[in-house]
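Descriptive analysis of the structure
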Amino acid sequence: MTYYQDQSPVSTGLRCRCPRCGDGALFDGFLTMKPKCSACGLDYAFVDAGDGPAVFVILFAGFIICAMALVVEVKYSPPYWVHAIIFLPLVLIVCLGLLRPMKGLMIALQYRNNAREGRLDTE
């Protein structure tokens, strides 16, 4: 059995790397998971990030971009179309830019904490 050095879930997650070895990639496409790690062979069947990454990205991006839009409105009072030209692309860039690293972070934390789906004991 190969010993793997304890990897930080934050560094491996944000870099979208395997939570066990820190070398293999997590994703095949933009958000499509690989079946297993190419470096250590960790099976990614345990992964179930669900909607968690999207919720955190929406909350973070919404707070930052709404604050920026309010500052621009109070300081400069531009017409609404200027807000649309500035902040709609910014929303897309921030949300899409954060979604993949947040999903990687949620997967790494799930691996580190051995998180599984809840089950009821029926005995």
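Computed from a prediction, not measured in an experiment: that's the story for all the values here.

In terms of regular secondary structure, the chain is built from 3 helices and 0 strands. Written out in order from the N terminus, the α and β elements of the chain read α-α-α. The C-alpha atoms of the chain give 19 Å as radius of gyration, which overshoots the globular expectation for 123 residues (14 Å, by more than 25%). With the C-alpha coordinates of the chain rotated into their principal frame, the extents come out at 65 × 40 × 25 Å. For the chain, with 123 residues in total, the buried portion stands at 31%. For the chain, the computed accessible surface area is about 8,500 Å², with 63% contributed by carbon and sulfur atoms. Averaging the coordinates of the 11 positive side-chain charges in the chain and doing the same for the 10 negative ones gives two points 10 Å apart.

Ranked by size, the top nonpolar core spans 13 residues in total, and within it C18, C37, C40, L42 and Y44 carry the most contacts. In contact with C18, other than residues within four places in its own chain, are T12, G24, L26, C37, C40, L42 and Y44.

Moving on: unusual backbone geometry. Its identity as a non-glycine residue notwithstanding, C16 has a phi of 60°, on the positive side. Looking at where C16 falls in the secondary structure, it is placed in the loop between α1 (9-14) and α2 (52-76). Among the residues examined, C16 registers a relative accessible area of 7% and is labelled buried. Even without being a glycine, N114 presents a positive backbone phi close to 50°.

Procedures and definitions
- Within every chain, residues take consecutive numbers counted from 1 along the sequence as written.
- Given that the model is predicted, a residue must reach a pLDDT of at least 70 before its local features are reported, and side-chain atom pairs must reach 80 or more before they are shown or counted; all residues, however, enter totals for whole chains, interfaces and linings.
- Processing note: side-chain calculations cover all non-hydrogen atoms of the structure and skip hydrogens and water entirely.
- Only DSSP runs of H or I reaching four residues or more are called helices, and only runs of E reaching two or more are called strands; each is numbered from the N terminus.
- Atoms counted for the radius of gyration: C-alpha only. Globule rule: 2.2 Å times residue count to the power 0.38.
- Remark: exposure states derive from per-residue accessible area (1.4 Å probe, protein chains only) relative to the maximum for the residue type, with buried under 20%, exposed over 50%, and partly exposed in between.
- Every accessible area reported is derived by Shrake-Rupley at a probe size of 1.4 Å, with residue values counting cover from the shown protein chains alone.
- For the purpose of charge, His is not counted, nor are the chain termini; Lys and Arg are scored as positive and Asp and Glu as negative.
- Charge positions come from single atoms, namely NZ of Lys, CZ of Arg, CG of Asp or CD of Glu.
- What is meant by a nonpolar core is a set of buried Ala, Val, Leu, Ile, Met, Phe, Trp, Tyr and Cys residues, joined one to another through side-chain atoms within 4.5 Å.
- Contacts are assigned to residue pairs that have any heavy atoms within 4.5 Å of one another.

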